[in-house]
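So you can see what is in the structure, the chains are spelled out below.
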Amino acid sequence: MSPNIFVGTAGWSIPSQYRPDFPSPGSHLDRYATRFNAAEINSSFYRPHRRTTYERWAESVGPEFRFSVKLPKAISHDRRLSDCAPLLEGFAEQVAGLGKKLGALLVQLPPSLAFDLQTAATFFGSLRSSLHAPVACEPRHGSWFSEQAETLLRSYRIARVAADPSPVAGAEAPAGWDGLRYLRLHGSPVIYRAAYDETRLRDYIAMLASARGHADAWCIFDNTASMAAIGNALHFQRLTAGSSCLVGTPAASDR
């Protein structure tokens, strides 16, 4: 069986050139959710949202739609995963408003944060106790790509993000817990701006296809600065709908 494939963008803004692809009435999220089955909430990284805001977002989408939510930078960057239990508890209470539509948690780490076994184990243990959702971690320091870090991620059921562009050697490939595969495509060669051509998109489809039997596979386009993300996600979705290696992936018209 193929995994569940979730395709979307960071946020759900719809650039004017793509409005004809989203003709339904309603808010940006209402319209976005008629074409995609996932979105990554990045605003949570910068500021907290009320639980009622998450509840409103959950009510705006269909039953099969899933959100991934980025961990606040107050935890990942300011506290650097240490002594952050109250912040983590508050975040857990807020995102609980998504209910069953919480599909994944994203932990993006600063490039300066080196792997420390005790700190990472304590944090991921607390995260696992606070929130029951698949977790993807996007480390950007080379020490996180060691065998010791890999073993820890697997033991806590944490997937390592496959990121483009790759900040260090190995970051372009998924690793860690194999129950989740999470691609974050930031745009390359110009980060946050460059669009992906069809050859690159097919390469990423093959990467997801190799996750057969895994619980979930995500592809999130974060090249939003040039408004390329929506176009890439639409094209990626069309390619997956017609891909024999991803038979069973729902097309937009099936949702």
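Counting of residues starts from 1 at the beginning of each chain's written sequence and follows it residue by residue. Thresholds applied to this predicted model are a pLDDT of at least 70 for local features of residues and 80 or more for the giving and counting of side-chain atom pairs; totals over whole chains, interfaces and linings are not thresholded and use all residues. Each side-chain value is derived from all of the structure's non-hydrogen atoms; neither hydrogens nor water enter the calculation.

Got a minute to help me understand the packing of aromatic side chains in this structure?
The way to describe two aromatic rings as a pair is by their centre distance and the angle between their planes. In this scheme Phe, Tyr and Trp rings, the latter by its six-membered ring, pair at centre separations within 6.5 Å, and the angle between planes marks the pair as stacked below 30 degrees, edge-to-face above 60, and tilted otherwise. Applying the stated criterion across every chain yields a total of 15 aromatic pairs. Feature note: the residues Trp-12, Phe-22, Tyr-32, Phe-36, Tyr-54, Trp-57, Phe-65 and Phe-67 constitute an aromatic cluster, connected by ring pairs. Distance and angle both matter: a charge sits over a ring if NZ of Lys or CZ of Arg is within 6 Å of the ring centre and within 35 degrees of the ring normal. The residue whose ring lies beneath Arg-35 is Phe-22, and the NZ or CZ to ring-centre distance is 5.9 Å. A cation over an aromatic ring shows up here: Lys-70 above the ring of Phe-45, its NZ or CZ 4.2 Å from the ring centre.

Please clarify how the pairing of strand β10 (residues 216-221) should be interpreted in this entry.
Two faces make up the sheet, and in a regular strand the side chains alternate between them. Burial of β10 is extensive: six of the six residues sit out of reach of the surface. Relative accessibility thresholds used throughout: buried, under 20% of the residue-type maximum; exposed, over 50%; partly exposed, between the two (1.4 Å probe, protein chains only). Put simply, DSSP marks the helices as runs of H or I at least four residues long and the strands as runs of E at least two long, and each gets a number from the N terminus on. Burial along β10 is two-sided: the residues Asp-216, Trp-218 and Ile-220 and Ala-217, Cys-219 and Phe-221 are all buried. One requirement defines pairing of two strands: DSSP has to find at least two bridges between them. In terms of strand pairing, strand β1 (residues 4-9) meets β10 through six bridges, oriented parallel. Note on β10: the bridge partner recorded for Ile-5 is Ala-217. Here strand β9 (residues 180-185) runs beside β10; their pairing, made up of six bridges, is parallel. Residue pairing for β10: Tyr-182 is matched across the bridge by Trp-218.

Any chance you could explain the nonpolar core here in plain terms?
One recurring pattern in soluble globular proteins: nonpolar side chains tend to sit buried together. As used in this record, nonpolar core signifies buried Ala, Val, Leu, Ile, Met, Phe, Trp, Tyr and Cys residues forming a set joined through side-chain atoms within 4.5 Å. Of all hydrophobic cores here, the largest spans 65 residues; its most connected members are Phe-67, Phe-123, Phe-124 and Leu-127. Pairs of residues are marked as contacts when any of their non-hydrogen atoms sit within 4.5 Å. Setting aside chain neighbours within four positions, we find Phe-123 in contact with Leu-71, Ile-75, Leu-81, Cys-84, Leu-88 and Val-107. Grouped together as the second largest cluster of nonpolar side chains are 12 residues, Phe-6, Ala-159, Ala-163 and Ile-220 included.

Would you mind showing me how to read the sheet that holds β1 here?
Paired through backbone hydrogen bonds, the strands of a sheet run either parallel or antiparallel to each other. Strand order in this open sheet of four strands is β1-β10-β9-β7, and the pairing throughout is parallel. In this open sheet, the two strands that pair with only one neighbour each are β1 and β7 (162-164). Going across the sheet, the axis of each strand differs from the next one's by a mean of 10 degrees, ignoring polarity. As a rule, the C-alpha atoms of each element are fitted with a line to give its axis, helices using only the stretch in contact, and angles between N-to-C directions run from 0 to 180 degrees. Here helix α7 (residues 198-209) sits on the sheet and contacts β1, β7, β9 and β10; the angle it forms with β9, its principal contact strand, is near 165 degrees.

Where do I start with α7 in this structure?
Two residues of an α-helix separated by three or four positions point the same way, owing to the 3.6 residues in each turn. Its 12 residues place the ends of α7 16 Å apart at the C-alpha level, agreeing with the 16 Å of an ideal helix rising 1.5 Å per residue. Within α7, burial applies to Leu-201, Tyr-204, Ile-205, Met-207, Leu-208 and Ala-209. Considering only its buried residues, α7 is in contact with β1, β7, β9, β10 and α8 (228-241). Here a polar contact is recorded for every N or O atom pair within 3.5 Å, except that within protein the pair must consist of a potential hydrogen donor and a potential acceptor, and residues adjacent in sequence are included only if both atoms are side-chain atoms. In this structure Asp-197 caps α7, since a side-chain oxygen of it lies 3.2 Å from the backbone nitrogen of Thr-199. By this rule, a helix spans an expected 1.5 Å times one less than how many residues it contains.

Please explain the pairing of strand β3 (residues 66-70) as it appears in this structure.
Counting buried positions along β3 gives five out of five residues, so the element sits mostly inside the fold. The two faces of β3 match: Arg-66, Ser-68 and Lys-70 on one face and Phe-67 and Val-69 on the other face are all buried. Judged from the four bridges that link them, strand β2 (residues 38-41) and β3 form a sheet pairing that is parallel. Among the inter-strand pairings, Ala-38 is bridged to a residue of β3, identified as Arg-66. Orienting the strands away from the viewer, one traces the path from the first strand over the helix to the second; a clockwise path indicates a right-handed crossover. Tracing the backbone out of β2, into helix α2 (residues 51-59) and back to the parallel element β3 gives a crossover that is right-handed. As judged from the four bridges shared by β3 and strand β4 (residues 102-108), these two strands associate in the parallel manner. From the neighbouring strand, Val-69 faces β4, where its bridge partner is Leu-105.

Please explain the sheet that holds strand β5 (residues 135-138) as it appears in this structure.
Across the sheet, which stays open at both edges, the six strands sit in the order β2-β3-β4-β5-β6-β8 with mixed pairing between neighbours. Either end of the sheet is taken by a strand with one partner, and the two such strands are β2 and β8 (175-176). As judged from the two bridges shared by strand β6 (residues 158-160) and β8, these two strands associate in the antiparallel manner. Following the sheet pairing, Ala-159 is matched in β8 by Gly-176.

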